[in-house]
Amino acid sequence: MRLAVKLALGLAVVVGSAQAAETPQPIVLKAAYLFDSKSGNLTNGGAVLVEGDKIKALGSQAVPANAKVIDLGDATLMPGFIDAHTHITMEGHNDFYKGFHADMYRFPAEQSFFAAVYAKRTIEAGFTTVRNVGAGEFVDVGLRNAVNAGLTPGPTILTAVHSVGSTGGHCDQGPFPPDRIAPLGVQDGVCNGADECRAAVRYQLKWGADVIKICSSGGVLSEADPVDVPQLTPDELNAIMSEAHAWKRKVAAHSHGDLAARQAVEAGVDSIEHGSFLSDETLKLMKAKGTYLVPTRLAVWWVNQVADKFPPAIAAKARATLHEHERMFRSALKIGVPIAFGTDSGVSPHGMNAKEFKLLTDIGMQPAAALVSGTRESAKLLGIADQVGTLEAGKIADIVAVKGNVLNNIEATEQPVFVMKHGVVVKQP
């Protein structure tokens, strides 16, 4: 008995020593400025103490004797950026027709290698968390799990698996001849009627969806549907919301059209994505209900840069959307709708996500508010504000630094000089 106790104690000492040896060295990050996304203020002189994967303390407290000090000089420390609307497993081609051809011949295993490249670009661009709102063939689930297992670099990914929508809608595939390409069904997120839509949600949850993405209106990049027409009935929307919320999952609704968005808001959706044609009436309803707007200005801007490369029907919708989207966004700011940062990256190249900050300020948002939308507010929308989104003791050490005073030059966000995810340095000078 005594021998067993001694052996157990000896094993405990060995294990304890091994754990002590593996304790990460504390890191102190210093910079000329620190952006506090909790208050939206910038302070002179920033210091963040990181121990393991958590923020231990902020301010000019004594530096631990064994700490590694990283002094970034003339830079601004901020929380890691959060993109609430990405398609991280895919990327559009500048030539629509060449891209379509390439995608048709690409196997899911091959696509996963592309997805890993996109994830690496995204984390190196300072985006430590993303919400992925729709993908095919479970590449998103595989990528999320691979990143979590440390097999490939990338941001923390909350993903939707397949998007959910009606037959012929924006969440469906193109109008291919059915004898050549099999139509999508309920398991793929294509549903008609409340019961099918409830089942479609359940399938995505079965396969690991962190969020449910729906298409409540037509889209710009789908050829066959008008951009502003509702594509889900109130009964279908209610079934989706009740099922997702019962599982404690939030629902994001792609909607350019006003009526489609209003119906989704009335059904209890958590966010409206894009929102190009929203009326003041709908925006006021969103404010009253606390429904977030995720404007994805980058996608609207990018598609208009390359509209001539798209089929005429898509190009026409893109051009019609541009100015209406600006009108809508300025109204949303005036009304006080909660806004979370999202880019629709995948429509634009991955890694340029931070251009959204400048684009938002170009159409009326103050730089501090834009930064808050991409940190604190996105974390709230995603339901992870207790973990990330602000620099506070006890939160996960997702930290970004950019050159100079970020409020004086919002475009500095496009070239971060330092990125840390979960206490691990991803990028530094």
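See the structure shown above.
This one's a predicted model, so the numbers in the text were calculated from it and none came from an experiment.

Student: Before we move on, can you summarise the environment of Gly 142 with the specific residues and values?
Tutor: By the secondary structure assignment, Gly 142 is in helix α4 (residues 139-148). Linking Gly 142 and Ala 109, residues 33 residues apart in sequence, is a C-alpha distance of 10.0 Å.

Student: Describe the state of the cysteines, listing the residues and the values that go with them.
Tutor: If you walk through the whole model with that rule in mind, you get one disulfide. Here Cys 171 is linked by a disulfide to Cys 215, with a sulfur-sulfur distance of 2.0 Å. Residues Cys 171 and Cys 215 share a disulfide whose torsion about the S-S bond is about 75°; that sign makes it right-handed. Taken together, the positions of Cys 171 in the loop between β8 (156-159) and α5 (194-206) and Cys 215 in strand β9 (residues 211-215) put the pair 44 residues apart, joining distant regions of the chain. Accessibility assignment for this pair places Cys 171 and Cys 215 in one class, buried.

Student: Account for the pattern of salt bridges, with residues named and values stated.
Tutor: What the rule picks out here adds up to 17 salt bridges. A salt bridge links Lys 38 to Glu 392; the shortest N-O distance between them is 3.2 Å. Of this pair, Lys 38 sits in the loop between β1 (27-36) and β2 (41-51) while Glu 392 sits in the loop between α12 (367-382) and β13 (399-403), and the two are 354 residues apart along the sequence. Lys 38 gets classed as exposed once you look at its relative accessible area, which sits at 51%. The exposure class assigned to Glu 392 is partly exposed, which follows from its relative accessible area of 24%. As a salt-bridge pair, Glu 377 and Arg 376 come within 2.8 Å of each other at their nearest N and O atoms. With a relative accessible area of 11%, Glu 377 lands in the buried category. Connected through shared salt-bridge partners, Lys 38, Glu 392 and Lys 395 make up one network.

Student: Break down the packing of aromatic side chains for me, citing the residues and quoting the values.
Tutor: Per the stated rule, a full pass over the model turns up eleven aromatic pairs. Seen in terms of ring centroids, Phe 138 and Trp 207 are 5.0 Å apart; in terms of plane orientation they differ by 70°. Their pairing is edge-to-face. Highlighted residues: Phe 138 in the loop between β7 (127-132) and α4 and Trp 207 in the loop between α5 and β9, separated in sequence by 69 residues. A relative accessible area of 25% places Trp 207 in the partly exposed class. The aromatic ring of Phe 114 is capped on one face by Arg 106, whose charged end is 3.8 Å from the ring centroid. A cation over a ring is seen here: Lys 355 above Trp 301, with NZ or CZ 5.0 Å from the ring centre.

Cut-off values and rules
- Residues numbered from 1 in each chain as written.
- Predicted model: local features only at pLDDT ≥ 70, side-chain atom pairs only at ≥ 80, totals over all residues.
- Heavy atoms only, no water.
- Helix = DSSP H or I, 4+ residues; strand = E, 2+ residues; numbered from the N terminus.
- Disulfide = S-S within 2.5 Å.
- Buried < 20%, exposed > 50% of the residue type's maximum accessible area, 1.4 Å probe, protein only.
- Salt bridge = Lys/Arg side-chain N within 4 Å of Asp/Glu carboxyl O.
- Phe/Tyr/Trp six-rings, centres within 6.5 Å; stacked < 30°, edge-to-face > 60°.
- Lys NZ or Arg CZ within 6 Å of the ring centre and 35° of its normal.

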